[in-house]
Amino acid sequence: MADAWVRGNPATLEDAVAEAARLLRASRMPVIAGLGTDVAGARAAIALAERLGSAVDHMHSAALLRDLAVMRQAGMMVTTPNEARLRADLLLLVGSGLLQAWPELPARLFTRPDGGKRRIVWLCPGDGSGNVGADIETVGNDPADLPVLLAALRARCADRPVGETPIAAQALDALAADLKQARFGVAVWSAAEQDALALEMLCGLVKDLNAATRFTGLPLMPPDNGAAVQQVSGWLAGFPLRTGFGRHAPEHDPWRFDAARLIDSGEADCALWISAYRTMTPAWTRDVPTIALTHASDGFRRPPKVAITVGRPGIDHDAVEHLAATGTLAPVKARQPTNAISVADAVNRIAAALPADQPC
């Protein structure tokens, strides 16, 4: 089976690398997007972006930047998954998408390490709370009601009056009292399913509760190693994702350097798409020459000009990744080692094939 293709035809890795370098060299404004890769792959991709004067954007940048925006503008009190596992006597699960963000959530947090249970309240889970094997109290159901419910809950925790809410006033007051009586409460959410205003209200509620007890937050990171790539962008460029290098220095702008916007508007004319963990395809609708470094290249609207099959971090090759269970970067040994090329190796080969005087 071929590991590389050029214009849909099987090719050697060397020919695919040469064609990828040619496409990038001919581009006036390339983007490096997807970025579903390990730390080494992210380092190589961002270094290539700097050399090309490109922009970098993760496929889950919207969720990553939503949490970051709340932290920068209003503040956020957070803890680690291990601290929540050891200390929490009350879990406040907020909104939908939690099990999709962290499938191991029930196994890690729904019971104490000694086997005992802790109280769990889920606000507006939608259909997300089914078959989790735990005694969970649900308050509200429709995720669309969550912003109103959070605002009302924050008001009642501060003994302020509220108008009509999606749940009965008695239930709202009872939940507010329980939150204030928790010895170590933890609110858990996924920014992929919430808007920034709802997250800001939730973080304000956590801050208010700390006036009388201990309460904190646990944001769940999006998949495809987004949190690690965000950190790599921070230490290499000094900015989070959606950063561009077109003016010889990194510039961060969540709107300007949104890869889908750049391509659909015609500002970008070439894309390097990276998705090593699973089959994820770009969200943009305009066709541009695309170089795909993916584990499987199915699902593209049009076949990429160049496709190189890469190994899965932590499965085909060793990697450094952000682990949901610890909330930190950690080395991960390959579970099923193969000879598949890594993203870092593929990107570095493409970079080496560019002329030394490639203009920015």
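The rules behind these values
Residues numbered from 1 in each chain as written. Predicted model: local features only at pLDDT ≥ 70, side-chain atom pairs only at ≥ 80, totals over all residues. Heavy atoms only, no water. Pairing = 2+ DSSP bridges. Helix = DSSP H or I, 4+ residues; strand = E, 2+ residues; numbered from the N terminus. Expected span 1.5 Å × (residues − 1). Buried < 20%, exposed > 50% of the residue type's maximum accessible area, 1.4 Å probe, protein only. Contact = heavy atoms within 4.5 Å. Polar contact = N/O pair within 3.5 Å; in protein donor to acceptor, adjacent residues only side chain to side chain. Salt bridge = Lys/Arg side-chain N within 4 Å of Asp/Glu carboxyl O.

### Digging into the sheet that holds strand E2 (residues 9-10)
Ordered by their spatial adjacency, nine strands build an open sheet running E2-E1-E14-E13-E12-E3-E4-E10-E11, and the pairing between neighbours is mixed. The open sheet is flanked by E2 and strand E11 (251-252), the only strands paired with a single partner. Pairing geometry for strand E1 (residues 4-6) and E2, over two bridges, is antiparallel. By the bridge assignment for E2, Trp5 is matched with Pro10.

### What about helix H9 (residues 196-209)?
Structural remark: α-helix, 3.6 residues per turn; residues separated by three or four positions point the same way. In this model H9 runs 20 Å from its N-terminal to its C-terminal C-alpha over 14 residues, within 8% of the 20 Å that 1.5 Å per residue would give. Residues of H9 that are buried: Ala198, Leu199, Leu202, Cys203, Gly204, Leu205, Val206 and Leu209. The elements touched by buried residues of H9 are helix H3 (61-74), strand E5 (90-94), helix H7 (146-157), helix H8 (169-181), strand E8 (185-190) and strand E9 (215-220). Its side-chain oxygen 3.2 Å from the backbone nitrogen of Leu197, Asp195 forms the N-cap of H9.

### Some words on the environment of Ala196
If you trace the backbone, Ala196 turns up in helix H9. When the C-alpha positions of Ala196 and Ala69 are compared, they lie 7.4 Å apart, and in sequence the two are 127 residues distant. Excluding anything up to four places from it in sequence, Ala196 contacts Arg66 and Val70.

### Structural notes on the pattern of salt bridges
For the structure on display, the rule yields 20 salt bridges. One salt bridge connects Arg7 with Glu19, and the closest N-O pair in it is separated by 2.8 Å. Taken together, the positions of Arg7 in the loop between E1 and E2 and Glu19 in helix H1 (residues 13-26) put the pair 12 residues apart, joining distant regions of the chain. Note on Arg7: relative accessible area 44%, which makes it partly exposed. A salt bridge links Glu137 to Arg119, with the nearest nitrogen and oxygen atoms 2.7 Å apart. Note that Glu137 is positioned in strand E7 (residues 137-139) and Arg119 in strand E6 (residues 119-123), a separation of 18 residues in sequence. It is possible to trace a salt-bridge network through shared partners that takes in Arg7, Glu19 and Arg22.

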